[in-house]
Amino acid sequence: MIFHPDARLGDDVAVASGCGAGVAFPHPGAPVIGDRVYFGANSSIIGDVTVGDDAVIGAHTLVTRSVPAGMVAVGVPAKVLGAAPGRPADPTIPTPVDGAADTAAASAGDPRRSSW
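Notes on the structure follow.

Parameters and conventions
Residues numbered from 1 in each chain as written. Predicted model: local features only at pLDDT ≥ 70, side-chain atom pairs only at ≥ 80, totals over all residues. Heavy atoms only, no water. Helix = DSSP H or I, 4+ residues; strand = E, 2+ residues; numbered from the N terminus. Buried < 20%, exposed > 50% of the residue type's maximum accessible area, 1.4 Å probe, protein only. Contact = heavy atoms within 4.5 Å. Areas by Shrake-Rupley, 256 points an atom, 1.4 Å probe, with all protein chains shown as cover. Core = buried A, V, L, I, M, F, W, Y, C linked by side-chain atoms within 4.5 Å. Pairing = 2+ DSSP bridges. Polar contact = N/O pair within 3.5 Å; in protein donor to acceptor, adjacent residues only side chain to side chain.

1. Description of the overall build of the chain
If you tally the helices and strands in the chain, you get one helix and twelve strands. Its helices and strands in sequence order give the chain the pattern β-β-β-β-β-β-β-β-β-β-β-β-α, from N to C terminus. Counting all 116 residues of the chain, 29% fall into the buried class. Intrachain contacts of the chain at a sequence separation of at least 6 include 21% that bridge at least 24 residues. Carbon and sulfur atoms form 57% of the exposed surface of the chain, whose accessible area is close to 6,900 Å².

If you want it as structure tokens, here you go:
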């Protein structure tokens, strides 16, 4: 783990191996991480961004924009997928409709759909 000295971490943050949080040189500002956030292996949080309470950052994810509380973010650059399973989501953030097919498959009981 490599965290910039100005990065702020909340309580009960779980960090897998290879993660980092730092500034986006030459721009000032370090990440602010909320409480009960989970960082998957090799994820990076760069710049003056906030990761809200109860958020989940997937493995190998590059966060360059803020992630709302209780949401899952994955990819390079990070994309917010929706509410994190079993975590309170920010009610002011609408759930993305990108996964409409996945939602339909899950409601139809499609066995190929993961229930994570």
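There's plenty left to go through after this.
2. Considering the nonpolar core
Inside soluble globular proteins, nonpolar side chains tend to come together where they are buried. Residues Ile33, Phe39, Ile45, Val51, Ile57, Val63 and Val67 are the most contacted members of the largest nonpolar core, which totals 16 residues. The contacts of isoleucine 45, once residues within four sequence positions are left out, are Gly20, Ala21, Gly22, Pro31, Ile33, Phe39, Val51 and Val63.

3. A look at the sheet that holds strand E10 (residues 62-63)
Read across the open sheet, the four strands follow the order E1-E4-E7-E10; overall the sheet is parallel. Both edges of this open sheet fall to strand E1 (2-3) and E10, since each of them pairs with a single strand only. Direction of pairing for strand E7 (residues 44-46) relative to E10: parallel, over a ladder of two bridges. Its bridge partner being in E10, isoleucine 45 is matched across the sheet by valine 63.

4. Details of the environment of serine 66
Residue position: serine 66 is located in the loop between E10 and strand E11 (71-74). Here serine 66 falls in the partly exposed class, since its relative accessible area comes to 45%. On a C-alpha basis, the gap between serine 66 and isoleucine 46 in space is 9.9 Å, while along the polypeptide they are 20 residues apart.

5. What to know about the sheet that holds strand E9 (residues 56-57)
Across the sheet, which stays open at both edges, the five strands sit in the order E3-E6-E9-E11-E12 with mixed pairing between neighbours. Looking at which strands have only one partner, the edges of the open sheet turn out to be strand E3 (14-15) and strand E12 (79-83). Across two bridges, the pairing between strand E6 (residues 38-39) and E9 is parallel. Residue pairing across strands places phenylalanine 39 opposite isoleucine 57, the latter belonging to E9.

6. Comments concerning the pairing of E11
Direction of pairing for E9 relative to E11: parallel, over a ladder of two bridges. The residue bridging valine 56 from the neighbouring strand is valine 72, located in E11. When E11 meets E12, the two strands line up antiparallel, connected through four bridges. Bridge pairing in E12 places alanine 73 opposite valine 80. Between E11 and E12, which pair antiparallel and follow one another directly, the connecting turn spans four residues, one of which, glycine 75, has a positive phi of 105 degrees.

7. Here we look at the side chain of serine 43
If you trace the backbone, serine 43 turns up in the loop between E6 and E7. Here glycine 40 takes part through its backbone oxygen, which lies 2.9 Å from a polar atom of the side chain of serine 43. Beyond its immediate sequence surroundings of up to four residues, serine 43 is in contact with Gly18, Cys19, Gly20, Ile57, Gly58, His60 and Thr61.

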